[in-house]
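Spelled out, the chains give:
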Amino acid sequence: MTASVIEHNKFITPKPIISVCGKGGVGKTVFSALLGRVIIEHGLKPLLLVDADPVGGLVSAIGEKAVKTLSGVRDMFIEETRKGGRVSSRQIADQLDYFILNALVERNDYSLLAMGHTNEKGCFCSANKLLRSALDEIISAFASVLIDAEAGIEQINRDVTGNVNRIFVVIDASQRSVDTLNAISNMVNSSIITVVANKVLPENLLNIAKNVEIAGIIPENEILKQYDRDGLPLWKLPSDNEALIAVKNIAAKTGLI
Ligand SMILES: Nc1ncnc2c1ncn2[C@@H]1O[C@H](COP(=O)(O)OP(=O)(O)OP(=O)(O)O)[C@@H](O)[C@H]1O
Ligand SMILES: [Mg+2]
């Protein structure tokens, strides 16, 4: 498992274990990718990046190619083992290290773990449960952890984010994104929540989130949109990109960097 020296002397306690949550389509993956870049650039590394969306997205946003997922590796193991006869839940549970080892992509500054989805019907253990167990196992090897969560509140409900000490909830200009924020606020200790507004004009913010304290606004950015449209990694955005700068400011303002 990765265990390099932490290079950041402003390392905060406890170490940041961050989940990025919110309604579908609000910009969780964009924010996760940009925040990941900011975290690495500020030396809070190695960073464990977790793509907890079964459909994925973070993997390509940071410029990685398709990777093996935890669930995919687990499903392959089940299929292989079945050829030799019945496979028990115990046998599968004992293979967690093997699943992690095969799914974890290790790079100099970060590692990447994608949850994926399962093909198993009536499954032995859900993809969410598998991810939670994997996180319990490997979080200690990293200086920071960043989880791009599935849309909505299911993963908070399922305690996938149980280790998390910071939840960034992304809202946009829709009331439903604020409804999701409220639902999340009712489920976790609100002191760990930081709200970020994405693609919102400052003048519209008040209409949407009257009583919400916002850590910052990420402007709608044409270059970023173009990168996403063309499948270019957001980590390659120029350092003066205004969306990236907004994320950096949010990270600074909230004491992350
Ligand atoms: N600040 C921004 N400026 C321009 N485009 C943006 C910005 N934030 C997000 N987008 C665009 O909005 C779309 C949705 O963003 P993103 O995929 O990050 O949302 P998400 O919350 O992760 O969605 P999902 O719930 O499907 O995972 C993408 O096409 C992305 O390029
Ligand atoms: Mg996403």
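Residues numbered from 1 in each chain as written. Chains lettered and ligands numbered in written order. Predicted model: local features only at pLDDT ≥ 70, side-chain atom pairs only at ≥ 80, totals over all residues.

(A) Broad picture of the overall build of the protein. For the protein, the count of helices and strands is eleven helices and eight strands. In terms of overall size, the protein behaves like a compact globule, its C-alpha atoms giving a radius of gyration of 18 Å where 257 residues would be expected to give roughly 18 Å. Each principal axis of the C-alpha distribution contributes one length, and for the protein these read about 65 × 40 × 40 Å. Here the protein holds 257 residues, and 42% of them are scored as buried. (Helix = DSSP H or I, 4+ residues; strand = E, 2+ residues; numbered from the N terminus. Rg over C-alpha atoms; globule rule 2.2 N^0.38 Å. Buried ≥ 20, exposed ≤ 12 C-beta atoms within 10 Å, placed from the backbone.)

(B) Up close: the site of ligand 1. Around ligand 1 lies a shell of 19 residues, among which Gly27, Lys28, Thr29, Val30 and Asp228 are the nearest. Broken down by secondary-structure element, the contributors of at least two residues to the shell around ligand 1 are helix 1 (28-41) and helix 10 (222-229). Here the shell around ligand 1 is built from residues that sort into six nonpolar, seven polar and six charged. (Near = placed C-beta within 6 Å. Nonpolar A, V, L, I, M, F, W, Y, C, P; charged D, E, K, R; others polar.)

(C) Seen up close, the environment of Ser144. Following the sequence through the fold, Ser144 ends up in strand 5 (residues 144-148). Sequence separation between Ser144 and Pro14 is 130 residues; the distance between their C-alpha atoms is 9.7 Å. When residues no more than four places from it in sequence are discounted, the contact partners of Ser144 are Lys15, Pro16, Ile39, Leu44 and Leu47. (Contact = placed C-beta atoms within 7 Å.)

(D) Highlighting helix 11 (residues 242-253). Taking 1.5 Å of rise per residue, twelve residues should cover 16 Å, and helix 11 covers 16 Å from first to last C-alpha, within 8% of that figure. Lining the buried residues of helix 11 we find helix 1, strand 7 (193-198), strand 8 (214-218) and helix 10. (Expected span 1.5 Å × (residues − 1).)

(E) Representation of the packing of helix 3 (residues 70-83) against helix 5 (residues 96-103) in the model. One can describe the packing of helix 3 onto helix 5 by two numbers: an axis separation of 9 Å at closest approach and a directional angle of 125°. When the axes of helix 3 and helix 5 are compared, the pair comes out oblique. As helix 3 packs across helix 5, the resulting crossing turns out to be right-handed. Only Phe99, Asn102 and Ala103 of helix 5 make contact with helix 3, whose side of the interface consists of Leu70, Val73 and Arg74. Its residues placed into classes, the contact of helix 3 with helix 5 shows four nonpolar, one polar and one charged. (Axes fitted to C-alpha atoms, helices over the stretch in contact; angles between N-to-C directions. Parallel < 35°, antiparallel > 145°, perpendicular 65-115°, else oblique. Left-handed = near helix turned anticlockwise from the far one by under 90°.)

(F) Quick look at the pairing of strand 7. Most of strand 7 is tucked away, with five of its six residues classed as buried. Of the pairings in the sheet, the one linking strand 6 (residues 166-171) to strand 7 comprises five bridges and is parallel in character. By the bridge assignment for strand 7, Ile171 is matched with Ala197. Running through helix 8 (residues 175-185), the crossover from strand 6 to the neighbouring parallel element strand 7 is right-handed. Sheet analysis places strand 7 next to strand 8, joined by four bridges and oriented parallel. Bridge pairing in strand 8 places Ala197 opposite Ile217. (Pairing = 2+ DSSP bridges. Right-handed = clockwise from strand over helix to strand, strands pointing away.)

(G) Representation of the pairing of strand 6 within the structure. The buried fraction of strand 6 amounts to five of the six residues, a majority that puts the element mostly inside the structure. Where strand 1 (residues 17-22) lies against strand 6, five bridges are found, and the strand directions are parallel. Each bridged residue has a counterpart across the sheet, and for Ile18 the counterpart in strand 6 is Arg166.

(H) The environment of Ala246, seen in detail. Among the structural elements, Ala246 can be located in helix 11. A residue is classified by how many C-beta atoms lie within 10 Å of it, and Ala246, with 20 of them, is buried. For the pair Ala246 and Pro219, spaced 27 residues apart in sequence, the C-alpha to C-alpha distance is 7.7 Å. Contact partners of Ala246, with chain neighbours within four places excluded, come to Gly216, Ile217, Ile218 and Pro219.

(I) Structural detail: the sheet that holds strand 5. In space, the eight strands of this open sheet follow the order 3-4-2-5-1-6-7-8, with mixed pairing throughout. Both outer strands of the open sheet, strand 3 (105-106) and strand 8, are each paired with one neighbouring strand and no more. Pairing of strand 2 (residues 47-51) with strand 4 (residues 110-114) involves five bridges; the strand directions are parallel. Among the inter-strand pairings, Asp51 is bridged to a residue of strand 4, identified as Ala114. Running at roughly 160° to strand 6, helix 8 makes contact with strand 1, strand 6 and strand 7 of the sheet.

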